[in-house]
Amino acid sequence: MSMKKHYLLPVLCYAMVACHEPEKAVENSIGAPPLAAAVGNIAGNAMQLSGPCAVIYTPDSVQTAALKQEEGEEAFYSIAEDYESQLADATAFLEQKGIKTIHPQGGIVQFRSQEGNNIALDLNDKNFSWEIWLFDGKALHNINVADFENEYRKYFK
């Protein structure tokens, strides 16, 4: 077992714990109402969001095992380290901008647009790994994690 793997596991564990801090009520900076009341639980493990926010998703243990087998264990740890670093940077950037972030483990996230339309994101899809979606209050956008800041600027001017 290489030394890299011994260092990566604590870093991944720390990153996952750090990303699950209690959520604070944040006023966003684009004129929409505060998000504190915009998040509600609906049936089962689903939640509903009605204001601008970001959904940050990381693979669960089943997906992690499949990715390790698919990519090879050493490559997996390198890929995971890169994505975790990019997600941490994106989270810090979003906090600086006052955009609420959620880190669901799965389930369905419902979004209610300003026009009253419902949009569903099914995080049970096994094709998702390290993902970011931005909801600008109107539409849901799957964002390129590697180019996060430029992608953010497309939807939040």
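Only a predicted model underlies this, so the values are computations on that prediction, with no experimental measurement involved.

Q: I keep staring at the packing of aromatic side chains and nothing clicks. Help me out?
A: Remark: the centre distance and the inter-plane angle together describe each pair of aromatic rings, the angle taken between the planes. Here the structure, examined in full by the defined rule, presents nine aromatic pairs. Note on Phe 93 and Phe 148: the rings are 5.8 Å apart at their centroids and 85° apart in plane angle, and the pair reads as edge-to-face. Taken together, the residues span a long stretch of sequence, with Phe 93 in helix H3 (residues 73–97) and Phe 148 in helix H4 (residues 148–155) at a distance of 55 residues. By relative accessible area, Phe 148 is classed as buried at 5%. Taken together, a centroid distance of 4.8 Å and an interplanar angle of 40° make the contact between Phe 111 and Phe 135 tilted.

Q: Honestly, the nonpolar core in this entry has me stumped. Any pointers?
A: Within soluble globular proteins, side chains that are nonpolar generally end up buried alongside one another. Counting residues in each nonpolar core, the largest one holds 19 residues, and the members touching the most others are Leu 94, Ile 132, Leu 134, Phe 148 and Tyr 152. Residue assignment for this core shows that the elements contributing at least two residues are strand S3 (53–57), H3, strand S7 (131–135) and H4. Looking at this core, the element that brings in the most residues is H3, giving seven residues. Residues in contact with Leu 134, not counting those within four places in the same chain, are Cys 53, Ala 54, Leu 94, Ala 139, Leu 140, His 141, Ile 143, Phe 148, Tyr 152, Tyr 155 and Phe 156. Residues Val 55, Ile 102, Val 109 and Phe 111 belong to the second largest nonpolar core, which totals twelve residues.

Q: Explain the sheet that holds strand S8 (residues 140–143) to me, please; I cannot follow it from the model alone.
A: Strands belonging to one sheet form pairs held by backbone hydrogen bonds; the direction of such a pair is parallel or antiparallel. Judged by pairing direction, the sheet is mixed, and its four strands sit side by side in the order S4-S3-S7-S8 without closing on themselves. Taken across any chain shown, the strands that pair with only one partner, and hence form the sheet edges, are strand S4 (100–102) and S8. Strand after strand, the sheet turns through a mean of 25° between neighbouring axes, direction not considered. Pairing between S7 and S8: four bridges, direction antiparallel.

Q: Before we go on, may I ask you to explain the packing of H3 against H4 in this structure?
A: The packing of two helices is summarised by the inter-axis angle and the distance between the axes. Remark: H3 packs on H4, axes separated minimally by 10 Å, with the N-to-C direction vectors making an angle of 35°. Judged by the twist between their axes, the crossing of H3 over H4 is right-handed. Across the interface between the two elements, Ala 90, Phe 93, Leu 94 and Lys 97 from H3 touch Phe 148, Glu 149, Tyr 152 and Arg 153 from H4.

Parameters and conventions
Residues numbered from 1 in each chain as written. Predicted model: local features only at pLDDT ≥ 70, side-chain atom pairs only at ≥ 80, totals over all residues. Heavy atoms only, no water. Phe/Tyr/Trp six-rings, centres within 6.5 Å; stacked < 30°, edge-to-face > 60°. Helix = DSSP H or I, 4+ residues; strand = E, 2+ residues; numbered from the N terminus. Buried < 20%, exposed > 50% of the residue type's maximum accessible area, 1.4 Å probe, protein only. Core = buried A, V, L, I, M, F, W, Y, C linked by side-chain atoms within 4.5 Å. Contact = heavy atoms within 4.5 Å. Pairing = 2+ DSSP bridges. Axes fitted to C-alpha atoms, helices over the stretch in contact; angles between N-to-C directions. Left-handed = near helix turned anticlockwise from the far one by under 90°.

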